[in-house]
Every structure is written in structure tokens, then in C-alpha cells.
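Residue strings, one per chain:
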Amino acid sequence: MANPVRTYPQVPRQSGSSLIEQLIAGRDASGEVGVETLNIAGQRVRRFTTEFWTSRQRQASSLHEISYRACFKPQLPRFFIESLTNRDDVVFDPFMGRGTTLIEAGLLGRHGAGNDANPLSRILTRPRLTPPTYEEVEQRLQAISFSARTAPQLDLTMFYHPRTEAELLALRGYLGKRRSTRKEDSIDRWIRMVATSRLTGHSRGFFSVYTLPPNQAMSAENQKKINKHRRQRPEYRDVKELILRKTKSLLRNVSAEQLQELRNVHQHFRLVTGDAGGLKDLKDRSIRLTVTSPPFLDTVNYAQDNWLRCWFNELDWERLASKIAVVRSIEAWTGIMMRVFRELYRVTATDGIVAFEVGEIRKRNLNLDEFVVPIGLGIGFRCVGILINQQRFTKTSNIWGVRNNAAGTNTNRIVLFQKPAR
């Protein structure tokens, strides 16, 4: 059943405590709100804890179901977009990842801007702002010759059956030629996005033999070890059939009205690959709301995890790794965030909002929200408060042995800033 289209009243521009009251009053879940007052950098900052939004994934649009390491759920940006923006306001994410904030903004009739240092981010996001129909994808796939023979550049036999590998090479060659000759259109970009998301995984819905979760790729040597341990060999997977299957799944609950909404606003979206500390493509005071989550501290190697996706899209992952370094210390992390916040202050409109999600709590003794507050204050923002979305115990947390609300996997901590009038 398609998601119903909802309309929302105009959001009055508010500030300070009235803004927090608006968010608490408008939360989707019921329950008591815990409030504590912290002294951070000489400022009294209130931290509010409740279930602001439901974490149930099936209530979100199926368009979001593209795997990407360390992404937040769609309900998080939707809560702030609905509560704090009006139609045609510009919503921004400087670390857009798989594009969750941008897709939600488009579905709600907002304009959007996104940035990420990883070029895969734009490859995974842009097609879902202009989704084709299932029939268009099927027709295009029928026109592609999957029997074209291309010599492999890498040994990928530990991941793919020879026939599957041949089909992937043919598709890679077709997409590369379309892009290099500037003939690539929205249907090609959709096929590229879906194929990129299906390269490796743990079920028969992926092109590869069983491997670890689909948001990262094992090294070739580690995959050989997995194959030996599981006594498995890659089976044939039909590339065209799996792309169509995933396309049908991604579009399954997207209504005609939502598709039209995306068509109406997609030309008002700007996606950039670059440094979040140097947002040259964004004008001063152009952003009404930023909803983002920065790279995790000493946790995720975004470039190495995506080496196979880079190969398929003809990107140099080793060069990418030199640009997207894993940040090892809190000092280095805060230094990077200071550059980002200077740019956020420049592009944020007067009374505009920055919702900065820092879900990770390393070993339960490092609350990144308490490091972010002084950064924002020092740049000139006003800290409206810290929101902690208290989620019910989830299957993912149980798998990884994480106690409910005890670690970043199952807790969202959002520092809320507002740009005051001078």
C-alpha cells in the first residue's frame, strides 16, 4: 500500500525555549520527557530525552532502502523537516552519505543541498530524486547487451560466479561508455545506483556469494577465508533479474503523488562532492535547516569499505582513501568540525537551524554532544538544546550485543543550534 500524501501547516519561525517546546509537543511518540541541565563551556544547556519519533523502518519510504555504512534512519530528518521547515525551504546535509536527509526533503516538497567527500554518495542519492518507472528500467535493461565480453581487470572469482562476473563487466562497460559520451540519463543512473548497491551481501538478492553485511566489502583475501570457512562457492546470479527485483522493491510504496512531488522539486537540489569545510557552491544565508551526522570517530573506514563499489564505478578507491581518512583522536575530530561549523554558520539563514546528530558514545564515556556544543557556541550559534531520541530495543542492537540506549548503535543524540539575528 502506498504511503499517503500528507500536508502540513505553515511552521512559525521560533527560537530558544519555544522551539524546544514545539518539538516536544510535536513528537510522534507518547511518554514522559526527561530533562537535565548541563554546564558546557560555561553555558547552561538542557538535554531532553524521550521517544521523539518511531524507529520502525517500515513506516519510512521504500526509496531509502539502499545500504550505506553508518547512516541514520529516515524518521530522524523527517521529524525535523516536518517540524521546522515549510515548502520550498532549503534543507542541507554536508555529510549526505546515502542521501537520507535529501530524499526526505524531496518527498516533503522541500528544496535541498547535499555534500559528501565520497563520490559514491552522489551516485547513490541523485537517481532516487528522479526515479524512473519499473517499465522504463526493464526496457533499458533489455536494450543492454549482457553478453559483451570484457577482460577482467581484477580477480573477483572469490565473490562472483564467472557468468555473473561477465554480466557485471558488460554492465560496467555500458555505463562507463554512456557517461563518457555524456549520454547517461536518469534511467542509466538508476541502474548504476541499484547495481552498486547489490554488489555484495548476505542473501541471494545480491550478485555475490555470501559475505558480510551489504554496506561494506571484504578484501579479496578475507572473502577467500569466508568461502573456505563456509565451504561455499559463488553461484550464478542473474544481474538483470536482480536489478529489476530491487527496483520493484525500492518503488513498492512510493505513490504517484510522491513521484510527482520529486519531479516538481528535483531541479531545486544541488549535490556536490567535496570538503564539508569548504562549501563554495552554497550562498550565504541560503539554508533554513541542516540535518546531518558527521563521520564517526575512529570507527568507519568509508573508502576501504567501498573498494568494490569504487571499482564498479571506475573510481580510484586508494586515492579516495587518502582524502577520507579515519579520524583517530577527539582533537583531530573537533578540529575538522570547527571548519565545518564555520561554513554552516555562513550558509545558515537568520533563525535557521542545525540539527547535528552524534549518536556514537565510545565505551559509554565519550559523549560527542558535549564536544559539539562548545564548537557551535564558539562560531556564533545559540545552542537550543540536546535531544536524545530514546528508542526501544532493536534487532540490530541485539545482534551486535549492544544494550538499549547504552551505545550509539541504538541512541540518537542531536545537538540543536540556531543562528541568531545580529
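So, how was this worked out
- Residues numbered from 1 in each chain as written.
- Predicted model: local features only at pLDDT ≥ 70, side-chain atom pairs only at ≥ 80, totals over all residues.
- Heavy atoms only, no water.
- Helix = DSSP H or I, 4+ residues; strand = E, 2+ residues; numbered from the N terminus.
- Buried < 20%, exposed > 50% of the residue type's maximum accessible area, 1.4 Å probe, protein only.
- Areas by Shrake-Rupley, 256 points an atom, 1.4 Å probe, with all protein chains shown as cover.
- Expected span 1.5 Å × (residues − 1).
- Contact = heavy atoms within 4.5 Å.
- Salt bridge = Lys/Arg side-chain N within 4 Å of Asp/Glu carboxyl O.
- Phe/Tyr/Trp six-rings, centres within 6.5 Å; stacked < 30°, edge-to-face > 60°.
- Lys NZ or Arg CZ within 6 Å of the ring centre and 35° of its normal.
- Axes fitted to C-alpha atoms, helices over the stretch in contact; angles between N-to-C directions.
- Parallel < 35°, antiparallel > 145°, perpendicular 65-115°, else oblique.
- Left-handed = near helix turned anticlockwise from the far one by under 90°.
- Nonpolar A, V, L, I, M, F, W, Y, C, P; charged D, E, K, R; others polar.

Quick look at the overall build of the protein
- What the protein contains, in helices and strands, is 16 helices and nine strands.
- Counting across all 422 residues of the protein, residues that qualify as buried make up 56%.
- Accessible surface, the protein: about 19700 Å² in total, of which carbon and sulfur atoms supply 48%.

Overview of helix α6 (residues 162-180)
- The end-to-end C-alpha distance of α6 is 27 Å, a good match for the 27 Å that 19 residues give at a rise of 1.5 Å each.
- Immediately downstream of α6, the backbone of Arg-182 shows phi near 60°, a positive value.

Considerations on the environment of Gly-34
- Residue position: Gly-34 is located in strand β1 (residues 34-40).
- Judged by relative accessible area, Gly-34 falls into the partly exposed class, the value being 32%.
- Between the C-alpha atoms of Gly-34 and Arg-47, which are 13 residues apart in sequence, the distance is 8.0 Å.
- The contacts of Gly-34, once residues within four sequence positions are left out, are Arg-47, Phe-48 and Thr-49.

Digging into the pattern of salt bridges
- Going through the model one piece at a time under the given rule, you end up with 20 salt bridges.
- Salt-bridge contacts for Glu-261 lead to Arg-87; the nearest nitrogen and oxygen are separated by 2.8 Å. Here the residue Glu-261 occupies a position in helix α10 (residues 256-265), and Arg-87 occupies one in the loop between α2 (75-84) and β3 (90-93), the gap between them amounting to 174 residues.
- Overall, the relative accessible area of 13% leaves Glu-261 in the buried class.
- In this structure Arg-87 comes out as partly exposed when scored by relative accessible area, which is 48%.
- The salt bridge partner of Arg-346 is Glu-343, with a shortest N-O separation of 3.1 Å. Of this pair, Arg-346 and Glu-343 both sit in helix α14 (residues 330-347), three residues apart, roughly one helical turn.
- A relative accessible area of 24% means that Arg-346 is categorised as partly exposed.
- Residue class for Glu-343 comes out buried when judged on its relative accessible area of 13%.

Things to note about the packing of aromatic side chains
- In the structure shown here, the tally under the stated rule is 13 aromatic pairs.
- The interplanar angle of 85° and the centroid separation of 5.1 Å between the aromatic rings of Phe-79 and Phe-80 together place this pair among those described as edge-to-face.
- According to the relative accessible area criterion, Phe-79 is buried, its value standing at 3%.
- The side chain of Lys-419 reaches across the aromatic face of Tyr-345, ending 4.6 Å from its centre.

Section: the packing of α6 against helix α7 (residues 186-197)
- Close contact between α6 and α7 brings their axes to 11 Å; oriented N to C, the two are set at 140°. Between α6 and α7, the angle is such that the two are oblique. In this structure, α6 meets α7 at a crossing whose hand is left-handed. Residues Leu-171, Tyr-174, Leu-175, Gly-176, Arg-178 and Arg-179 of α6 lie in contact with α7, whose contacting residues are Asp-188, Ile-191, Arg-192 and Ala-195.
- Looking at side-chain class alone, the contact of α6 with α7 contains five nonpolar, one polar and four charged residues.

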